[in-house]
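Report on the structure
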Amino acid sequence: MIKRNLQIRQKLQLYVLLVTGLVFISAIGYISVNNRDRALRDTTQLVDSYAANYAENISNSFNADMAVVRTLAQAFYVHNNMEREEWESLFQDIYRQIFINNPQFYALWDSWEYSHIDPDWYLPHGRMLMYNFRKNGDIGFDILERSLDGDPDLYGAAKAAGRETIWEPYPDQLEVGATGTTLMTTFTVPMFYNNRYIGLVGIDITLAHLQQMISEIRPYDDAYAFLVSNRGLYAAHPAANLLEQPLAEALWQDEAEHNITQRIRAGETFSFTSSYEKNENFYYTFAPVMVGETETPWSMAIAVPLRTIQREAQTHFLISLLIGILGILIIGGVIYLLANNISRPINSITALMKRLAQGEIDESMNLTLTTGDELQEMSAAFNTSINGLAEKTDFAVNIGSGNLEAELQLLSEKDALGKSLQDMQSNLKKARAEELVRQEENKIRSWSTEGFARFSEILRNNNDNMEELAFDVVKNLVKYLDANQGGLFVKNDDDQHNVFLELQACYAYNRKKYLEKKVLPGEGLVGTCFIEGKTIYMTDIPQSYIRITSGLGDENPGALIIVPLKLNDVIFGVIEIASFEKFAPHHIEFIEKIGESVASTISSVKINLRTASLLEVSQQQAEEMKAQEEEMRQNMEELHATQEEMARKAAETQGILNALDSASYVIEYDLDGKIINISNSYLKMLNLNKDEVIGTHHTDKIEFTSEQKTEYDEFWDAIMSGETRHQEVKINVNGNNFWLAETYTPILDQHGNIYKILKIANNITESKMAVENYSQENQKLKEELEKLKGKSK
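Residues numbered from 1 in each chain as written. Predicted model: local features only at pLDDT ≥ 70, side-chain atom pairs only at ≥ 80, totals over all residues. Heavy atoms only, no water.

1. Focus on the packing of aromatic side chains
- In this structure the tally under the stated criterion is 24 aromatic pairs.
- Geometrically, the ring pair formed by Y114 and W121 is tilted, given 4.9 Å between the ring centres and 45° between the ring planes.
- Judged by its relative accessible area of 8%, Y114 falls in the buried class.
- Between F270 and F272, the aromatic rings sit 6.5 Å apart at their centres with planes inclined by 10°, giving stacked as the arrangement. The pair F270 / F272 is uniform in exposure class, with both members buried.
- An aromatic cluster is built from Y224, F226, Y234, F270, F272, F282, Y284 and F286, whose rings are joined through pairwise contacts. (Phe/Tyr/Trp six-rings, centres within 6.5 Å; stacked < 30°, edge-to-face > 60°. Buried < 20%, exposed > 50% of the residue type's maximum accessible area, 1.4 Å probe, protein only.)

2. Notes on helix α4 (residues 153-161)
- Of the positions making up α4, those classed as buried are Y155, A158 and K159. Down the axis of α4, the buried set is contained in an arc of 100°. They therefore lie on one face. Exposed and facing more than 90 degrees away from the buried side of α4 are D153 and A160.
- Tucked into the core, α4 has its buried residues touching β1 (105-113), β2 (127-135), β4 (165-166), β6 (182-193) and β7 (196-206).
- One or two positions beyond α4, positive phi appears at G162, with a value near 70°. (Helix = DSSP H or I, 4+ residues; strand = E, 2+ residues; numbered from the N terminus. Arc of directions from axis to C-beta. Contact = heavy atoms within 4.5 Å.)

3. Topic: a nonpolar patch on the surface
- A cluster of nonpolar side chains, L18, V19, L22 and V23, forms an exposed patch at the surface whose accessible area comes to about 380 Å².
- Note that V19 resides in helix α1 (residues 8-75). (Patch = residues over 30% accessible without salt bridge, like charges linked within 9 Å, V, L, I, M, F, W, Y side chains within 5 Å. Areas by Shrake-Rupley, 256 points an atom, 1.4 Å probe, with all protein chains shown as cover. Salt bridge = Lys/Arg side-chain N within 4 Å of Asp/Glu carboxyl O.)

4. Some remarks on the sheet that holds strand β26 (residues 754-763)
- What the five strands build is an open sheet, ordered β23-β22-β26-β25-β24; its pairing is antiparallel. Each edge of the open sheet is held by one strand with a lone partner, namely β23 (675-678) and β24 (725-733). Across the sheet, the mean angle from the axis of one strand to that of its neighbour is 30°, orientation sign disregarded.
- Sheet topology note: the strand β22 (residues 665-669)/β26 ladder contains five bridges and is antiparallel. Of the residues in β26, the one forming a bridge with V666 is I760. (Pairing = 2+ DSSP bridges. Axes fitted to C-alpha atoms, helices over the stretch in contact; angles between N-to-C directions.)

5. Regarding the pairing of strand β12 (residues 298-305)
- Most of β12 is tucked away: eight of the eight residues are buried.
- Neither face of β12 is left uncovered, since the one carrying W298, M300, I302 and V304 and the one carrying S299, A301, A303 and P305 both have all their residues buried.
- As paired strands, strand β8 (residues 224-228) and β12 are joined by five bridges and run antiparallel to one another. Residue pairing in the sheet places A225 in a bridge with I302 of β12.
- By the bridge criterion, eight bridges tie strand β11 (residues 280-289) to β12 in an arrangement that is antiparallel. Bridge pairing in β12 places F286 opposite A301.

Interpretation note: all reported values are geometric properties and have no functional meaning in isolation.
As C-alpha cells, this is what we get:
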C-alpha cells in the first residue's frame, strides 16, 4: 500500500474542510430539526400564555367589580346602628357615587329580607329591593317589593349559596322599549347578621366590552378567542349568534371526547387538538377565570389552526437549513483560499529555515515574497536580522523574562525585526498599562455592582419601617464609601401647610446617633438641594457648617456630598455624607443611583404605612365590634348559667330545709341572739305562733342556775368565735316542760364573716322523762330495801 504525504495546503483543505463540514452539517441538521420541534412547542406554549394572560385580565376586571360589591356588603352592617330612613338615604348616596366612579355598572342593588327589617314579618320569603340603574344617561332609583309569593330561581340560588356568586350570562334590555337585548351577568355578595341570612348586594354589568375584546384577540391568522361561563355558555364569541348558546352543542364531539364543560367547572387549565371544526385540525387551549370567592370559575379559550402553527415552524426549519448550506459553501471557499495563501510562503520559509537550522547564514538566504501581509514582513525581517540575531535574541530573552526596560540598538533604519521588537516592547508596556486601567475599571464596576446588590437587599428587607430603612441605608452607605458621617432627611408632608425635612437617621464612626433636626425647604445646603433637586458636592467646606467628632477630637471634613432622593422628578428627601477623603466620580454616581432606589422605597414605605394604618383602624373597629358582640354573648351565657345554678341551689336548699323541718326543729338567730326565722314544726311543738317567736331572745323560756348562766354565756361566745356547739336544755312553755338536744352552727358569708346562727334541735323530752321516772322508781326501791333491812334487825 502506497502512503502518500500530503502538503500543508492539501492538509488544510482536506482536514479543516472535512471536520468543519461534518460538524457544521451535524449542528445545522440537529438545530434545524430541534428548532422545528421547539418552534411548534413554543408556539403552542405561546398560545397557552396568551389564553392565561387574557384570563388573568378578565379575572382582574371581574375581581375589581366584585370587590366593590364585597365592600358594600361589609359597609351595610352599620345599618344595625341606624334608623331605616337614615340608612336608606345613606346607601342611596353611596350608590350614586359608585355609579359615577364605575361607568361599566348598569345596575346596582341591594335586597333586604323582610324577616330582618320588619319584626312583625313571619314568612320565610319576601324582601325589599333598593334598585339603582342607568336610564337615558342618568341614574334612576326605585324601591320595590319582591318574593312575596316565593323566591325566584336566580335569587333563590344566590340566597341558598351563602357566598359570593357570579350568575350565568343572560340577555336583558338596557332601556325600556329597546328593540334589542344585551348579554349581561350579575355579581352578588350575601349579608349575614348573627350567622343568619339578611340580604344580598349585587351589580348588573354588561359583557359588551368583553365581546369587543374577544373579537380583537387574533394571535395568528384564522385564530379566534371565546369566553365560556361555568355552565358552558358562550359569554363572548366573535360569532354573535353563538352567544348564550351551550358550548356542548357547538363542539359536541369535543365535549364527548374531552369533557370540556366538566373541566371548566373544575377550574382546570387544559388544551387539546381537534379535527372536527371546518374539516381541519385546531389547537384549543382553555385557562380558568377565577372570580372572588365564588366556586363557579369561567374559562378563557383560544383556537388556532394547526396549519398556522406548523407553517411557522416549517418556515423556521427551511430558513435554518438554507443558512447552513450557504455557510458550508462560504467556509469551503474561504478555507481553500486561506490554505493556498498560507502554504506557498510557508514552503519558501521552510526551505530557508532548514538552511538556517544547519547554521548557514549568507546573502543567498534572502527571501523575496510579495504576499503583501505579515509573511512578507517576516521575510524582510528574516533577510535583515541575521547579523543582529544574537543581540535580538538576548533582547527577546529580557523581554520574555519581564524586563520591559531592556534596550535594543537597531542595526539601521531598516532593521524591521529590531523595530518589531521595540514595537513589541512598547505594546507590552501599553498592554500592561491598559491592563492596570482595566483592572481598576473592573474593580470600580464590581464595587458598584456589589453595592447595588447589597442596597437592593437592604431596601427589600426594610420596606415597612421608615426608621429602620433610613438607619440601614445611612449606616451601610457610610461604611461602603469609607466615609465618616452621614444623615438621611425625609420629607414630612403630613401637614400640607407645614412641609419640612426631618432627620430620620444619623450615623458616624460606626455608631447610631440619636439626633432630632428639622430643615425647611430652601434652608441651608440640605434645603437648597431639596428645592433644586440637584446634587451638591463640596470640598471647600465652611468651618462652622459641620464637624466630624470622635474620641480623639473633632475636625472639619474634606468632602461633603448632598444628594436628593428623587424619583420621577418627585423628591422624597435628601441624603448627606461627609468624609475626610474626597469622593471619586464613581462614588458620586453610585450615591445618586442609590438615591433613586431609596426614593422609590420611601414612597413604597409611606404608602405601606398609610395603608397599614388605615387597615389597622378598620381591623381594630371590626375587632372591637366583634369583641363587644362576643362579650355580650358570654355575659348572657354566664347570666343564664348563674340563674340555672341559683335555681338549682335554691331547690336543693329548700329540699334540705324541708327535710330538716320534718325531722328536726330549726331556728335562725342574728348576731344579737334574737330569732329571725323558725320552722313550722318547732312552732307546732311549742304550740306558738310565728309572730310570738320572731324577735325574742334565745334565752327566753329557758331556766338557768347561776352556774348554768355563766356556762351558757361561754357557750354562746364560743359559737360567735366560729365554733359549732351542742347542748341539752330544758325549756318551759305555757307550763309545759320540754327537753331539747341542740346544735348551734355559725353561718359565714362570701367574705368568711359570721352573719347568722343556725340551730337545729331535736325533742328528747320522752327519753329524759323515762330516765327521770326510772330514777324515781329506783329511789323508791332503795328506800323499801332500807326499811326491810331495818325490820330484819
